[in-house]
Amino acid sequence: MKPSSSLSTALKEQIRQIYADLEARPLPRACQLSGGCCRFKLTGRTPSVTRVEALYAAVGVRAAGRTKLQPRADGACSCLGKDGRCTIYQNRPFGCRTHFCEEAGGMYPRKHVADLIRRLEALDVSIGWRNGPRDFPEALEDALEDWK
Ligand code: SF4
Ligand code: SF4
């Protein structure tokens, strides 16, 4: 089966539900919303995303009126706005919702979210995607290029 390059309404709803289920089990974190963790070159950490998450993030980019993103010279996420805030906040991937710097309390333990990750991976299988999760910048760029 050829992997799908777009998300059905039902798939979008399933992704939103997974993110909502994550929000329903928060762990105490003291995030100051500084956007520091969006600066991948600085942190040395890049979020990994499933294909459906990359497509869902692309929906957010398109909703913000853009069809392409320019890589940033400073190595920060290209979705990071000039004001230091995420421009696709509602559509940001799971990794961005569970990764916190050490000062803020650290990344969510895998066991806290493993079932949700499995649900995201199952959605990839449902669209015929077999390449597994990928680094967010490349995955998002491809999702935008493949947009239909
Ligand atoms: S998608 Fe948003 S929250 Fe995630 S790294 Fe990029 S700017 Fe930060
Ligand atoms: S987790 Fe840390 S680096 Fe990331 S936005 Fe919050 S305070 Fe800033």
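Scroll up to find the structure this text is about.
Predicted model, so just to flag it, every value in this text is computed and none were measured.

What counts, and at which threshold
Residues numbered from 1 in each chain as written. Chains lettered and ligands numbered in written order. Predicted model: local features only at pLDDT ≥ 70, side-chain atom pairs only at ≥ 80, totals over all residues. Heavy atoms only, no water. 1 Å grid on protein atoms, 1.4 Å probe; cavity = no way out; pocket = protein on both sides within 12 Å on 5 of 7 lines; lining within 4 Å. Points joined across faces, edges and corners; volume = space filled by probe spheres on them. Helix = DSSP H or I, 4+ residues; strand = E, 2+ residues; numbered from the N terminus. Nonpolar A, V, L, I, M, F, W, Y, C, P; charged D, E, K, R; others polar. Axes fitted to C-alpha atoms, helices over the stretch in contact; angles between N-to-C directions. Parallel < 35°, antiparallel > 145°, perpendicular 65-115°, else oblique. Left-handed = near helix turned anticlockwise from the far one by under 90°. Contact = heavy atoms within 4.5 Å. Near = heavy atom within 4 Å. Expected span 1.5 Å × (residues − 1). Buried < 20%, exposed > 50% of the residue type's maximum accessible area, 1.4 Å probe, protein only.

A. Structural context of the layout of surface pockets. Considering only enclosed or pocket space, the second largest pocket measures out at about 300 Å³ in volume. Considering each element in turn, the lining of the second largest pocket owes the most residues, six residues, to helix α6 (residues 136-145). A per-class count over the lining of the second largest pocket returns eight nonpolar, four polar and five charged.

B. Examining the packing of helix α3 (residues 51-63) against α6 more closely. Where α3 contacts α6, the axes come no closer than 8 Å and their chain directions differ by 65°. What the angle tells us is that α3 and α6 run roughly perpendicular. Between α3 and α6 the crossing geometry is right-handed. Residues Arg51, Ala54, Leu55, Ala57, Ala58, Val61 and Arg62 of α3 lie in contact with α6, whose contacting residues are Phe136, Ala139, Leu140, Asp142, Ala143 and Leu144. A per-class count over the contact of α3 with α6 returns ten nonpolar, no polar and three charged.

C. The site of ligand 2, seen in detail. What surrounds ligand 2 is the set Cys31, Gln32, Leu33, Ser34, Gly35, Gly36, Cys37, Phe100, Cys101 and Ala104. Among the residues forming the shell around ligand 2, the class breakdown is six nonpolar, four polar and no charged.

D. Just unusual backbone geometry, in detail. Despite not being glycine, Leu33 shows a phi value in the positive range, around 55°. As for its position among the elements, Leu33 is in the loop between α1 (9-23) and α2 (40-43).

E. Seen up close, empty space enclosed by the protein. Counted under the stated rule, the structure contains one cavity of 30 Å³ or more. Roughly 30 Å³ of internal volume is contained in the largest cavity. Taken together, Val49, Thr50, Arg51, Ala54, Trp129, Gly132, Arg134 and Ala139 make up the lining of the largest cavity.

F. Highlighting helix α5 (residues 110-126). The terminal C-alpha atoms of α5, which comprises 17 residues, lie 23 Å apart, in line with the 24 Å expected from a rise of 1.5 Å per residue. Taken as a whole, α5 has its buried residues at Val113, Ala114, Leu116, Ile117, Leu120, Leu123 and Asp124. Buried residues in α5 make contact with α1, α3 and α4 (94-98). With its phi angle positive at about 85°, Gly128 sits one or two positions after the end of α5.

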